[in-house]
Amino acid sequence: MAKKIINLLILLPLGIILIIFCVANRQSVTLALNPFRPDDQVLSLNAPLFVLLFVALIIGMMVGAAVTWFNQGKHRKLARSQSREAVRWQAEADKHRTRAEQIAGQLPAK
């Protein structure tokens, strides 16, 4: 219940701000990708400003996620090797437990 209230208190104002931002920035702008000839129509894009900003935000989030994923590769590799080692140690412990139970069963009862 508290999570729903917190989400409502955060997401509702954020949604309202985004809608106001989109309405205020719906004029068309030109994004020129040729710095030497900005009037070149081949390397330019006409779109509303909020669309260009959202695309830039999404691309930035994807690049950041990819960089983070690649940087954390060594931690994932270490976790996989430790998981394999834990399974190996568990199998060894089970083998010793079984052997101990066999030995205990062979001893004469007192």
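Here the structure is a predicted model, which is why all the values come from computation and not from measurement.

1. Focus: the overall build of the protein chain
A tally of regular secondary structure across the protein chain gives 3 helices and 2 strands. Secondary structure elements in the protein chain, listed N-terminal to C-terminal, are α-β-β-α-α. For 110 residues, the compact-globule formula gives about 13 Å, and the C-alpha radius of gyration of the protein chain, at 30 Å, lies well above that figure. Across its three principal directions, the C-alpha atoms of the protein chain cover 95 × 45 × 15 Å. Residue burial in the protein chain is summarised as follows: out of 110 residues, 7% are buried. Sequence separation of 24 or more characterises 22% of the internal contacts of the protein chain that already satisfy a separation of 6 or more. Carbon and sulfur atoms form 69% of the exposed surface of the protein chain, whose accessible area is close to 9,800 Å². When the 14 basic and 6 acidic side-chain charges of the protein chain are each reduced to a single mean position, those positions are 6 Å apart.

2. Overview of the packing of aromatic side chains
The tally for this structure, following the rule as stated, stands at 3 aromatic pairs. Summarising the aromatic geometry, the rings of Phe21 and Phe54 are spaced 6.3 Å apart at their centres and angled 55° between planes, so their arrangement reads as tilted. You can see Phe21 sitting in helix α1 (residues 2-24) and its partner Phe54 sitting in helix α2 (residues 49-71), a full 33 residues away along the chain. Between Phe50 and Phe54, the ring centres sit 6.2 Å apart and the planes meet at 80°, which makes this aromatic pair edge-to-face. Highlighted residues: Phe50 and Phe54, both in helix α2, separated by 4 residues, approximately one helical turn. Aromatic rings pair up to connect Phe21, Phe50 and Phe54 into one cluster.

3. Observations concerning the UniProt feature "transmembrane region" (unreviewed entry) in the protein chain
Residues annotated in UniProt with the feature "transmembrane region" (unreviewed entry) correspond here to residues 50-70. Within the segment residues 50-70, helix and strand shares are 100% and 0% respectively, and the terminal C-alpha atoms sit 30 Å apart.

4. Examining the side chain of Asn25
Residue position: Asn25 is located in the loop between α1 and β1 (28-32). For Asn25, a relative accessible area of 16% corresponds to the buried category. Other than its neighbours up to four places away in sequence, Asn25 contacts Pro48, Leu49 and Phe50.

5. Let's talk about the side chain of Asn34
Locating Asn34 in the fold gives a position in the loop between β1 and β2 (44-48). In this structure the side chain of Asn34 is engaged in a polar contact, spanning 3.2 Å, whose partner is the backbone nitrogen of Phe36.

6. Looking at the packing of α1 against α2
Put simply, α1 and α2 touch, their axes get as near as 7 Å, and they point 130° apart. Comparing their axes, α2 and α1 come out oblique. Mapping the contact onto sequence places Leu18, Phe21 and Cys22 in α1 and Phe50, Leu53 and Phe54 in α2. Considering only residue class, the contact of α1 with α2 consists of 6 nonpolar, no polar and no charged.

What counts and what doesn't
- Residues numbered from 1 in each chain as written.
- Predicted model: local features only at pLDDT ≥ 70, side-chain atom pairs only at ≥ 80, totals over all residues.
- Heavy atoms only, no water.
- Helix = DSSP H or I, 4+ residues; strand = E, 2+ residues; numbered from the N terminus.
- Rg over C-alpha atoms; globule rule 2.2 N^0.38 Å.
- Buried < 20%, exposed > 50% of the residue type's maximum accessible area, 1.4 Å probe, protein only.
- Contact = heavy atoms within 4.5 Å.
- Areas by Shrake-Rupley, 256 points an atom, 1.4 Å probe, with all protein chains shown as cover.
- Lys, Arg positive; Asp, Glu negative; His and termini not counted.
- Charge placed at Lys NZ, Arg CZ, Asp CG, Glu CD.
- Phe/Tyr/Trp six-rings, centres within 6.5 Å; stacked < 30°, edge-to-face > 60°.
- UniProt positions renumbered as here; feature names shortened; annotations may be inferred.
- Polar contact = N/O pair within 3.5 Å; in protein donor to acceptor, adjacent residues only side chain to side chain.
- Axes fitted to C-alpha atoms, helices over the stretch in contact; angles between N-to-C directions.
- Parallel < 35°, antiparallel > 145°, perpendicular 65-115°, else oblique.
- Nonpolar A, V, L, I, M, F, W, Y, C, P; charged D, E, K, R; others polar.

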